[in-house]
Amino acid sequence: MPLLNILRYPDPRLHKVARPVTIFDARLKQLVADMAETMYDAPGVGLAASQVDVHEQLIIVDISDNQTELRVLINPEITWASSEMQVYDEGCLSVPGVYDGVERPARVKVRALDVDGNTFETTAEGLLAVCIQHEMDHLKGKVFVEYLSPLKRNRIKAKMLKEERELNRDKKRNSDR
Ligand code: K2U
Ligand code: ZN
């Protein structure tokens, strides 16, 4: 299958709230496979369905060194979060080239469904905890730049819009050739 298009901030579709998954069928499995291929190609260690303009509560994560430990979390819910916080320099495939510190709970417990609809619970810390919380934000229509100051966010938005205009201009030039 072709790689999926990843929406780029400030595309308004990134702010849509995802609906719960209710049907666990071949379409869902194909979407997971296509998202995983897209994430590994980027490369990234996480991806939310919202980022590929599918507004269903589905995230994938793989923080392994060799892209061999894919985790699929459907309709994820945080059931516990530590009072201890950690700051991590986050990035996002929807905001390429931007990294900045975001503070989040250091450890979380998450309940979710797997691709067959079976419930499971997992505990996460470190990069896995950051990534899961980052992806779950996407399902709520939240992009990590919203944790930054308005000044930083507006500068990022202006930079992304400028890049989008240049991207579209180059595409037009190529199609006119
Ligand atoms: O949501 C996304 O765009 C996926 C992110 C996941 C992520 C965000 C923050 C912190 C860790 C993971 C991409 O994987 S961004 C690329 C990346 C890769 C490794 C570590 C940090 C960022
Ligand atoms: Zn992201």
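Above this text you will find the structure in question.
Keep in mind it's a predicted model, so treat the numbers as computed, not measured.

Caption draft 1: Geometry of the coordination of the zinc ion (ligand 2). Each protein donor to the zinc ion (ligand 2) is listed here as Cys92 (SG), His134 (NE2) and His138 (NE2); together their distances run 2.1 to 2.2 Å. Spacing between the donor residues of the zinc ion (ligand 2) along their common chain follows C-x41-H-x3-H. Taken together, the residues His134 and His138, both in helix 2 (residues 126-139) and four residues apart, mark about one turn of the helix. When its relative accessible area of 8% is taken as the criterion, His134 is described as buried.

Caption draft 2: Up close: the sheet that holds strand 1 (residues 46-48). Pairing is antiparallel across the open sheet formed by five strands, whose spatial order is 1-2-3-6-7. Unpaired on one side and paired on the other, strand 1 and strand 7 (119-125) mark the two borders of the sheet. Direction aside, the axes of adjacent strands within the sheet are offset by 40° on average. Two elements, strand 1 and strand 2 (residues 58-61), share three bridges in a ladder whose sense is antiparallel. If you follow Leu47 over to strand 2, its bridge partner there is Ile60. The strands touched by helix 1 (residues 26-41) within the sheet are strand 1, strand 2 and strand 3 (71-81), with strand 2 carrying the most contacts at an inclination of about 40°. Against the sheet, helix 2 makes contact with strand 1, strand 2, strand 3, strand 6 (107-113) and strand 7, and its axis sits at roughly 155° relative to strand 2, the strand it touches most.

Caption draft 3: Here's a closer look at the packing of aromatic side chains. In the structure shown here, the tally under the stated rule is zero aromatic pairs. The ring of Tyr147 has Lys142 lying over it, and the distance from NZ or CZ to the ring centre is 4.2 Å.

Caption draft 4: Structural context of the site of ligand 1. In the region of ligand 1, 14 residues are neighbours, and Val45, Gly46, Leu93, His134 and Glu135 sit closest. Here an oxygen atom of ligand 1 and a side-chain polar atom of Glu135 are 2.9 Å apart. Within the side chain of His138, a nitrogen or oxygen atom sits 3.3 Å from an oxygen atom of ligand 1. Here ligand 1 loses 88% of its free accessible area of 460 Å² to cover by the protein chains.

Caption draft 5: Main features of the pairing of strand 7. Where strand 6 and strand 7 come together, seven bridges link them in antiparallel fashion. Each bridged residue has a counterpart across the sheet, and for Val108 the counterpart in strand 7 is Ala124.

Caption draft 6: Geometry of the pattern of salt bridges. Counted by the stated rule, this structure contains 18 salt bridges. Its salt-bridge partner being Arg8, residue Glu164 comes within 3.3 Å of it at the nearest N-O pair. Here Glu164 is found in helix 3 (residues 150-176), whereas its partner Arg8 is found in the segment before helix 1, with 156 residues between them in sequence. Here the salt bridges do not stand alone but share partners, grouping Arg8, Lys159, Glu163 and Glu164 into one network.

Reading the values: rules and limits
- Residues numbered from 1 in each chain as written.
- Chains lettered and ligands numbered in written order.
- Predicted model: local features only at pLDDT ≥ 70, side-chain atom pairs only at ≥ 80, totals over all residues.
- Heavy atoms only, no water.
- Donors = N, O, S within 2.8 Å, 3.2 Å for Na, K, Ca; no water.
- Helix = DSSP H or I, 4+ residues; strand = E, 2+ residues; numbered from the N terminus.
- Buried < 20%, exposed > 50% of the residue type's maximum accessible area, 1.4 Å probe, protein only.
- Pairing = 2+ DSSP bridges.
- Axes fitted to C-alpha atoms, helices over the stretch in contact; angles between N-to-C directions.
- Contact = heavy atoms within 4.5 Å.
- Phe/Tyr/Trp six-rings, centres within 6.5 Å; stacked < 30°, edge-to-face > 60°.
- Lys NZ or Arg CZ within 6 Å of the ring centre and 35° of its normal.
- Near = heavy atom within 4 Å.
- Polar contact = N/O pair within 3.5 Å; in protein donor to acceptor, adjacent residues only side chain to side chain.
- Areas by Shrake-Rupley, 256 points an atom, 1.4 Å probe, with all protein chains shown as cover.
- Salt bridge = Lys/Arg side-chain N within 4 Å of Asp/Glu carboxyl O.

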